[in-house]
Amino acid sequence: MIQGNRGIRRRRRRARGVDLDRIMMKRALDLARSAAAQGEVPVGAVVHRDGEIIAEAANTRENGADPVGHAELLALQLAGRVLGRWRLTDCTLVVTLEPCAMCAGALVNARIGRLVWGADDPKAGSCRSLYEIPADPRLNHRPPMVGGVHAAVSASLLRSFFQARRRKKKPC
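As the structure is a computational prediction, the values presented were derived from the model and not from experiment.

Burial analysis of strand 4 (residues 114-119) places 5 of its 6 residues in the buried class, which makes it a mostly covered element. Of the strand pairs in this sheet, strand 3 (residues 92-97) and strand 4 are connected by 5 bridges, and their pairing is parallel. The partner of Leu 93 across the bridge, within strand 4, is Leu 115. This β-α-β element, strand 3 to helix 4 (residues 101-109) to strand 4, shows right-handed connectivity. Direction of pairing for strand 4 relative to strand 5 (residues 145-147): parallel, over a ladder of 3 bridges. Within the sheet, the bridge partner assigned to Leu 115 lies in strand 5 and is Met 145.

Structure below.
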């Protein structure tokens with residue numbers, strides 16, 4: 001009987017985890033929308049620990065003229081400063097777009113506890129689409145990964161942003 005209760009509790013915890021992923025992805029999507037309104041590629045990232053947001057960021061590459069102004073890197077850096085440490089093993093990174101090679105390397109080096117992303121990135125995705133950097137057995141840290149959380153919303157936001165950008169560039 002006790003064993004059965006444990007199984008039920010585990011399922012409930014897992015369900016809360018999925019719900020928490022969706023809640024945090026909605027926050028990341030809000031950040032992405034804010035970035036789009038400022039002319040940035042709409043990517044948002046949240047670092048949380050058990051549902052408490054430690055840090056959040058959106059892309060700043062265009063406005064900051066910063067080649068490494070990716071939402072994931074900015075959120076990881078801020079989380080490290082807030083927590084006073086670079087190891088983020090008890091944190092989850094939630095980001096609207098599958099991380100690129102640079103960001104995937106950073107999250108491995110930050111020892112992120114878990115990674116959640118929205119839309120896959122067939123052109124630069126380095127967690128599942130092109131490469132699987134965080135799952136590479138040669139590396140000393142391999143966080144659990146979940147892709148596809150609110151993927152349709154994330155992909156639609158990116159698609160709309162780039163369609164609008166292309167329309168602005170067309171001569172009349």
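From this point, things continue past the structure.
Further remarks concern the environment of Glu 52. Of note, Glu 52 is situated in strand 2 (residues 52-58). Using a relative accessible area of 47% as the deciding quantity, one classes Glu 52 as partly exposed.

What follows deals with the state of the cysteines. Counted under the stated rule, the structure contains 0 disulfides. With no disulfide of its own, Cys 103 has Cys 100 as its nearest cysteine by sulfur position, at a separation of 3.7 Å. By relative accessible area, which is 0% here, Cys 103 ends up buried.

Calculation notes
- Residues numbered from 1 in each chain as written.
- Predicted model: local features only at pLDDT ≥ 70, side-chain atom pairs only at ≥ 80, totals over all residues.
- Heavy atoms only, no water.
- Buried < 20%, exposed > 50% of the residue type's maximum accessible area, 1.4 Å probe, protein only.
- Helix = DSSP H or I, 4+ residues; strand = E, 2+ residues; numbered from the N terminus.
- Pairing = 2+ DSSP bridges.
- Right-handed = clockwise from strand over helix to strand, strands pointing away.
- Disulfide = S-S within 2.5 Å.

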